Amino acid sequence: MLSENGQASRIVLGRVSGLYGVKGWIKIHSETDPREGILRYSPWLLGADGVERRVSEGKLHGKGVIARLDGCEDRDQAAALIGQDIAIRRDQLPPPRPDEFYWIDLEGLAVVTQAGVELGQVSHLFSTGANDVLVVQGERERLIPFVWSDVVLDVDFDQRLIRVDWDPEF
């Protein structure tokens, strides 16, 4: 999948949150489930520029994740990475099963009601614990629960469209 600028889509999986030790290890805030799942992907694309770095080693450490990247041999080199997003290319993810898709694949799709009223495009999604939520940007922002059958009726990637049972006044 390519973004509008022709680049492969990038998916942020976490960020560098701190230092661990003096030999170039970094602490990772991971958005993957399980948390250590972020270590299955390499290379990582770091920061806004997407600098590619290979994961040399990594592991769970307490309630967090630590890793060492190729070329990162000391604390000073690791310190330069703090705060940078950790992303991967979309094509690094395994293909979803026929009844699945990734959130990134929904971003940019148009959202319309059963009556054909256009609500806007999916900006992003987030999870509330109870259900996932589509953030739809149109003439105004709408938060639409991603609940199959009750709210989300169909996702059509060919037409780049999500059909919903939703009152456009909400």
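Residues numbered from 1 in each chain as written. Predicted model: local features only at pLDDT ≥ 70, side-chain atom pairs only at ≥ 80, totals over all residues. Heavy atoms only, no water.

If you walk across this open sheet you meet the seven strands as 4-3-7-1-2-6-5, and the pairing is antiparallel. Of all strands in the sheet, those bounded by a partner on one side alone are strand 4 (51-53) and strand 5 (55-61). The average angle at which neighbouring strand axes cross in this sheet is 40°, direction not considered. Two elements, strand 1 (residues 10-20) and strand 7 (residues 85-89), share five bridges in a ladder whose sense is antiparallel. The residue of strand 7 that forms the bridge with Arg10 is Arg89. (Pairing = 2+ DSSP bridges. Helix = DSSP H or I, 4+ residues; strand = E, 2+ residues; numbered from the N terminus. Axes fitted to C-alpha atoms, helices over the stretch in contact; angles between N-to-C directions.)

This part covers the nonpolar core. Within the largest apolar cluster, 21 residues are counted, with the highest numbers of intra-cluster contacts made by Ile28, Trp44 and Leu69. Secondary-structure elements contributing two or more residues to this core are strand 1, strand 2 (25-30), strand 3 (44-46), strand 6 (64-69) and strand 7. For this core, the element with the most residues is strand 1, which contributes four residues. Beyond its immediate chain neighbours, meaning those up to four positions away, Trp44 contacts Ile28, Ile38, Leu39, Val51, Glu52, Arg53, Val55, Ala67, Leu69, Ile86, Ala87 and Ile88. If you look at the next biggest cluster of nonpolar residues, it comprises 16 residues, including Leu106, Val152, Ile162 and Val164. (Core = buried A, V, L, I, M, F, W, Y, C linked by side-chain atoms within 4.5 Å. Buried < 20%, exposed > 50% of the residue type's maximum accessible area, 1.4 Å probe, protein only. Contact = heavy atoms within 4.5 Å.)

Next up on the list: unusual backbone geometry. It is generally the case that most residues other than glycine have a negative phi and that most peptide bonds are trans. For the peptide bond that leads from Asp33 to Pro34, omega is 5°, which places it in the cis range. For Pro34, the location among the structural elements is in the loop between strand 2 and strand 3. With an omega of 10°, the peptide bond running from Ser42 to Pro43 counts as cis. Tracing the sequence through the fold places Pro43 in the loop between strand 2 and strand 3. The backbone phi angle of Ser149 is positive, close to 75°, even though this residue is not glycine. Relative to the helices and strands, Ser149 resides in the loop between strand 11 (141-146) and strand 12 (152-156). The phi dihedral of Arg160 falls on the positive side, at around 55°, and the residue is not glycine. Here Arg160 shows up in the loop between strand 12 and strand 13 (161-164).

From the geometry alone we can't say anything about function, so treat these as descriptive.
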